[in-house]
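Chain and residue survey
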Amino acid sequence: MYTKEVTIRNATGLHARPASEFINCAKKFQSTLKIRRKEGPAAKSDNAKSMITLLTLALACGEVVEIVGDGADEAEAVDALVALIEGGFGEL
């Protein structure tokens, strides 16, 4: 299991377009991937390859999330998703 925390940086949070990018990236990997808000409502881990999960979390700018990977390519997968968030999905 490989885990990293990252802060949502884009001003509009993880809305539909960046959520779609996130999922497309996540689906490239074999590992099971989960995302979890670190504080506040919905602080449970859930499927990071699901659009419904990401939109339901309604992650806003400044919120900290934890991404967890479990599988053969877990480190590569988590690092790729963290880099995508840190890069602001091209919105910064």
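Since this is a predicted model, take the numbers as computed values, not measurements. (Residues numbered from 1 in each chain as written. Predicted model: local features only at pLDDT ≥ 70, side-chain atom pairs only at ≥ 80, totals over all residues. Heavy atoms only, no water.)

1. Focus on the pattern of salt bridges
The full count for this structure, using the stated rule, is five salt bridges. For Glu 5, the salt bridge identified is with Lys 38, shortest N-O distance 3.1 Å. One end of the pair, Glu 5, is in strand 1 (residues 2-7); the other, Lys 38, is in the loop between strand 2 (32-37) and strand 3 (46-47), and 33 residues separate them in sequence. On the basis of relative accessibility, which here comes to 48%, the residue Glu 5 falls in the partly exposed class. A residue is classified by how much of its surface remains accessible, and Lys 38, at 28% relative accessible area, is partly exposed. (Salt bridge = Lys/Arg side-chain N within 4 Å of Asp/Glu carboxyl O. Helix = DSSP H or I, 4+ residues; strand = E, 2+ residues; numbered from the N terminus. Buried < 20%, exposed > 50% of the residue type's maximum accessible area, 1.4 Å probe, protein only.)

2. Here's the deal with the packing of helix 1 (residues 16-26) against helix 3 (residues 74-86)
Where helix 1 meets helix 3, the closest approach of the two axes is 10 Å, and the angle between their N-to-C directions is 160 degrees. As summarised for this structure, helix 1 and helix 3 are arranged roughly antiparallel, according to the angle between their axes. For the crossing formed where helix 1 meets helix 3, the hand is right-handed. Counting all contacts with helix 1, which are made through Glu 21, Phe 22, Cys 25 and Ala 26, the residues of helix 3 involved are Ala 80, Leu 81, Leu 84 and Ile 85. Counted by class, the contact of helix 1 with helix 3 contains seven nonpolar, no polar and one charged residues. (Axes fitted to C-alpha atoms, helices over the stretch in contact; angles between N-to-C directions. Parallel < 35°, antiparallel > 145°, perpendicular 65-115°, else oblique. Left-handed = near helix turned anticlockwise from the far one by under 90°. Contact = heavy atoms within 4.5 Å. Nonpolar A, V, L, I, M, F, W, Y, C, P; charged D, E, K, R; others polar.)

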